[in-house]
Amino acid sequence: MAMGPLHSGGQRGRRTPMAEINVTPMVDVMLVLLIIFMVTAPLLVAGVPVDMPESKAGALDQEQEPISISLDPAGAIFIGDQEVPAEELGARLATLAGNSKEEGGPRVFLRADRGLDYGRVMSVMGEINAAGLRKVALVSVASGESR
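Being a predicted model, the structure only gives us computed values, none of them experimental.

A. Examining the nonpolar core more closely. Of all hydrophobic cores here, the largest spans 17 residues; its most connected members are Ile69, Ile79, Leu93, Leu110, Val124 and Ile128. Every residue in contact with Ile79, bar those within four places of it in the chain, is listed here: Ile67, Ser68, Ile69, Val84, Leu89, Arg92, Leu93 and Leu96.

B. Fine view of the environment of Pro73. Within the secondary structure layout, Pro73 lies in the loop between strand 1 (67–71) and strand 2 (77–79). For Pro73, a relative accessible area of 60% gives the class exposed. In sequence terms Pro73 and Arg114 are 41 residues apart; their C-alpha atoms lie 7.9 Å from each other. Contact partners of Pro73, with chain neighbours within four places excluded, come to Asp113 and Leu116.

C. Layout of helix 3 (residues 118–130). The end-to-end C-alpha distance of helix 3 is 18 Å, a good match for the 18 Å that 13 residues give at a rise of 1.5 Å each. Along helix 3, the positions that sit buried rather than exposed are Val121, Val124 and Ile128. All buried residues of helix 3 lie within an arc of 60° about the axis, which places them on one face of the element. The outward face of helix 3, more than 90 degrees from its buried face, is lined by the exposed residues Tyr118 and Ala130.

D. The arrangement of the pairing of strand 4 (residues 108–112) in detail. In this sheet, strand 4 lies alongside strand 1 in parallel orientation, the contact comprising five bridges. Each residue of the ladder has a partner; that of Ile69, found in strand 4, is Leu110. Across three bridges, the pairing between strand 4 and strand 5 (residues 136–138) is parallel. Each residue of the ladder has a partner; that of Phe109, found in strand 5, is Ala137. This β-α-β element, strand 4 to helix 3 to strand 5, shows right-handed connectivity.

Criteria and thresholds
- Residues numbered from 1 in each chain as written.
- Predicted model: local features only at pLDDT ≥ 70, side-chain atom pairs only at ≥ 80, totals over all residues.
- Heavy atoms only, no water.
- Core = buried A, V, L, I, M, F, W, Y, C linked by side-chain atoms within 4.5 Å.
- Buried < 20%, exposed > 50% of the residue type's maximum accessible area, 1.4 Å probe, protein only.
- Contact = heavy atoms within 4.5 Å.
- Helix = DSSP H or I, 4+ residues; strand = E, 2+ residues; numbered from the N terminus.
- Expected span 1.5 Å × (residues − 1).
- Arc of directions from axis to C-beta.
- Pairing = 2+ DSSP bridges.
- Right-handed = clockwise from strand over helix to strand, strands pointing away.

Right, dumping it as structure tokens:
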């Protein structure tokens, strides 16, 4: 801490602390940081200018529609709008997983009636998992939304 001038009073040789803060080092650091940011900011935005060639090829379909699996109040299973017997569900899901190019298979939206037995829903989830489909979302209705 900086010390002030000597007091001329009865205490010779004692220094008292100064009340002012020396801000010069802080201003120096801030100016250096400002210069660094002013120099690097244009480099981050500009990148490398490239004139891309035109092509008649279509865009790749990266956002595929998710597979919708539904369970109605009676417990019947539907993939999309088509009813699937419980015995064939595993084979159909394995086919869907095999046809997908995505790791973990395509996205699967699982919808089940609220009155359905929890064990029934979990058995369908087990079949989905056994088929190698890893991107599963349980669909619900938000509060206040009509069905």
